[in-house]
Amino acid sequence: MQRDFRVPSLYKSLLMLALVFGPFYWLAFTEDGQRRTDLALMSVLGKPQLNAAMDAFTSGLTESQVRETFPKLRFQCADGANPFGDRLCGAEIGAFNGIPASSMTVFLTGGSLRAVKLSYRRAYHHRMREWVEGRVGAAGDRGGEGSAFQIEDGVAVWAVADGLLAMRDGVLTREDDPALLWLSQAALARRGGARASSQIPFN
């Protein structure tokens, strides 16, 4: 008896549907797919990707050095008093280390870096938290005053080489600004010490 090795038409139809709709489902309904879709869209729109180790920033950096380090960013600057200095420069971005983002703002005093605000897409708040913890340590060690990680008034704070990184802790509300901030020791001193982290303007 001769075997029939033909593939049933129903199976072929289902296979074709899987090949067509599988990638679409992944792009539209999975977190990683949506992230990659957002990154591709930002690239099409000409928004540059920012790859930066925010935990390694120092107040010794000057505005010209920041511009040289990130030549693709089109900074728009303004002089005048701000929460962290006397001049600020902002630039639109499409991504930060592979995480969809919207802008980077640097705050300067006398031409030297004092603080950086990285605004990212609200949907990627937890992924940004994972990036920070991957760089400076997880939040598991919640020791006392000397701990590298603390939570103050709903703000998660990590100590870094020169200052701290800070972002909202937990799930963001509609009023919360999705942002990661680096504050130098000089900026903290200007705002009145370590407790200045609880007064950070996330807007």
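This write-up is about the structure you can find in this document. Please read these numbers as outputs of a predicted model, since none were measured by experiment.

1. Remarks on helix α4 (residues 125-136)
Three- or four-residue spacings in an α-helix give side chains the same orientation, since the helix completes a turn every 3.6 residues. If you check α4, its first and last C-alpha atoms are 17 Å apart, about what twelve residues at 1.5 Å a residue would give, namely 16 Å. Burial in α4 covers these residues: His125, Met128, Arg129, Trp131 and Val132. The buried residues of α4 occupy an angular sector of 160° when projected down its axis, which confines them to one face. Phi turns positive, to about 110°, at Gly137, one or two residues after α4.

2. So, the environment of Gly90
In this fold, Gly90 is placed in strand β3 (residues 85-92). Sequence-wise, Gly90 and Phe75 are 15 residues apart; in three dimensions their C-alpha atoms are separated by 5.1 Å. Dropping the residues within four chain positions of it, Gly90 is found in contact with Arg74, Phe75, Gln76, Met104 and Thr105.

3. Some points on the state of the cysteines
What we call a disulfide is simply a covalent bond connecting the sulfur atoms of a pair of cysteines. Tallying each qualifying case throughout the model produces one disulfide. Note on cysteine connectivity: Cys77 is disulfide-linked to Cys89, with sulfurs 2.0 Å apart. Between Cys77 and Cys89, the disulfide has an S-S torsion of 110° and is therefore right-handed. Here the residue Cys77 occupies a position in strand β2 (residues 76-82), and Cys89 occupies one in strand β3, the gap between them amounting to twelve residues. Cys89 gets classed as buried once you look at its relative accessible area, which sits at 1%.

Parameters and conventions
- Residues numbered from 1 in each chain as written.
- Predicted model: local features only at pLDDT ≥ 70, side-chain atom pairs only at ≥ 80, totals over all residues.
- Heavy atoms only, no water.
- Helix = DSSP H or I, 4+ residues; strand = E, 2+ residues; numbered from the N terminus.
- Expected span 1.5 Å × (residues − 1).
- Buried < 20%, exposed > 50% of the residue type's maximum accessible area, 1.4 Å probe, protein only.
- Arc of directions from axis to C-beta.
- Contact = heavy atoms within 4.5 Å.
- Disulfide = S-S within 2.5 Å.

Function cannot be inferred from these measures alone, as they are strictly geometric.
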